[in-house]
Structure formats: C-alpha cells, structure tokens
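Observations on the three-dimensional arrangement
Here is what each chain is made of, one letter per residue.
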Amino acid sequence: MKAAVVFAALAVTVSAYRCKFDRIKDQFPQLCSDSGKVGDQTESDKCSSKHSNSCYKVHHGTPGDANCKLYITAGKGCDADDEVYAVVPCTPGMSHYEPREHSYVVRCT
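Once that is clear, we can look at the environment of R100. With respect to the helices and strands, the residue R100 is situated in the loop between β7 (95–98) and β8 (102–108). Sequence spacing of R100 and T73 is 27 residues, and the spatial spacing of their C-alpha atoms is 9.7 Å. Beyond its immediate stretch of four places on either side in the chain, R100 contacts H51, S52, N53 and Y85. Polar side-chain contacts of R100 include one of 2.7 Å to the side chain of E98.

Okay, here's the thing in structure tokens:
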C-alpha cells in the first residue's frame, strides 16, 4: 500500500506537457540567453500572437519529443493557412530568433 502512495505522488510531479519552449526578449534576443525570458509555451497553451524581436528555445528541463514542434507564423491566430516563418523541433539546445511580427503555438502529433 505504501508503494502505491509513493508511486501516485511521483506521477503527480511528472510534467503534464511533452515539450516546452521559452520566449526570450531582451536587449539582444538573438543571443537567446536565459536572462530575458518573458514566458513559455507548451502544447496545452493557445496561440500567442503579436510578438516580434524574440528568440525561442527549448526549455532546459524538456527531455525532447520529436513529435512536438513550435510553429512561428505570420498571422495573428496561428491558423493553418498562415505563412510559416519557422518550425522549431523539440530538441534540447534548439533555438530560433524571429525579428518579424509573428504568432506562435506548440503542436504535437
């Protein structure tokens, strides 16, 4: 019985997302340092729009999931027909700098 309680407690601490990306916006966002982090995004978040001059990188605590990607689009609502500026894979160490106004969303298949 004690083992079941410990296992249940561990299951609660496991993250509820498959991939997390950090958004960095500071004086030199293209450097993608951790000091300018202003938010993060997972597959459970809705489209985030009207950003510019931002760097996106896979969160340091993310193990990586090849089936998840960050889509950076030209539109304001992450619609399927919006022009895609970049697709960033959920691979630790990956990052992308986007100077243009954009929206972004994490999608997992």
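So, next bit.
Here we come to the pattern of salt bridges. Tallying each qualifying case throughout the model produces seven salt bridges. For D22, the salt bridge is made with K37, and the minimal N-O distance between the two is 3.3 Å. Of this pair, D22 sits in strand β1 (residues 20–24) while K37 is found in strand β2 (residues 37–42), placing the two residues 15 residues apart along the sequence. Residue D22 is classed as buried on the basis of its relative accessible area of 3%. For K37, a relative accessible area of 37% translates into the label partly exposed. Residue K37 is joined to D40 by a salt bridge in which the shortest nitrogen-to-oxygen separation is 3.4 Å. Accessibility expressed as a relative area gives 31% for D40, which makes it partly exposed. Counted as one network, the salt bridges with shared partners bring together K20, D22, K37 and D40.

Read across the open sheet, the four strands follow the order β3-β8-β5-β6; overall the sheet is antiparallel. Strands at the two margins of the open sheet, each flanked by one partner only, are β3 (48–51) and β6 (84–89). The mean inter-strand angle of the sheet, taken between neighbouring strand axes irrespective of direction, is 20°. Here strand β5 (residues 68–73) pairs with β8 via six bridges, running antiparallel. The partner of I72 across the bridge, within β8, is Y104.

Cut-offs and rules
- Residue positions within a chain follow its written sequence, with the count starting from 1.
- At least 70 in pLDDT is required for a residue's local features to be given in this predicted model, at least 80 for side-chain atom pairs to be given and counted, and no such filter applies to totals for whole chains, interfaces and linings, which use all residues.
- In computing side-chain values, all of the structure's heavy atoms are included and hydrogens and water are not.
- Numbering of helices and strands runs from the N terminus, with a helix taken as a DSSP run of H or I at least four residues long and a strand as a DSSP run of E at least two residues long.
- Between two residues, a contact is recorded if the distance between any of their heavy atoms is within 4.5 Å.
- N or O atoms closer than or at 3.5 Å make up a polar contact, with two conditions inside protein: a donor-capable atom paired with an acceptor-capable one, and, for residues adjacent in sequence, both atoms drawn from side chains.
- A pair is scored as a salt bridge if a Lys or Arg side-chain nitrogen falls within 4 Å of a carboxyl oxygen belonging to Asp or Glu.
- Using a 1.4 Å probe on the protein chains alone, a residue whose accessible area is under 20% of its type maximum counts as buried, one over 50% counts as exposed, and one in between counts as partly exposed.
- For two strands to be treated as a pair, DSSP must find no fewer than two bridges joining them.
- All axes are obtained by fitting lines to C-alpha atoms, using only the stretch in contact for helices, and the reported angles, taken between N-to-C directions, cover 0 to 180 degrees.

Everything listed here is a matter of coordinates, which is why it stays silent on function.
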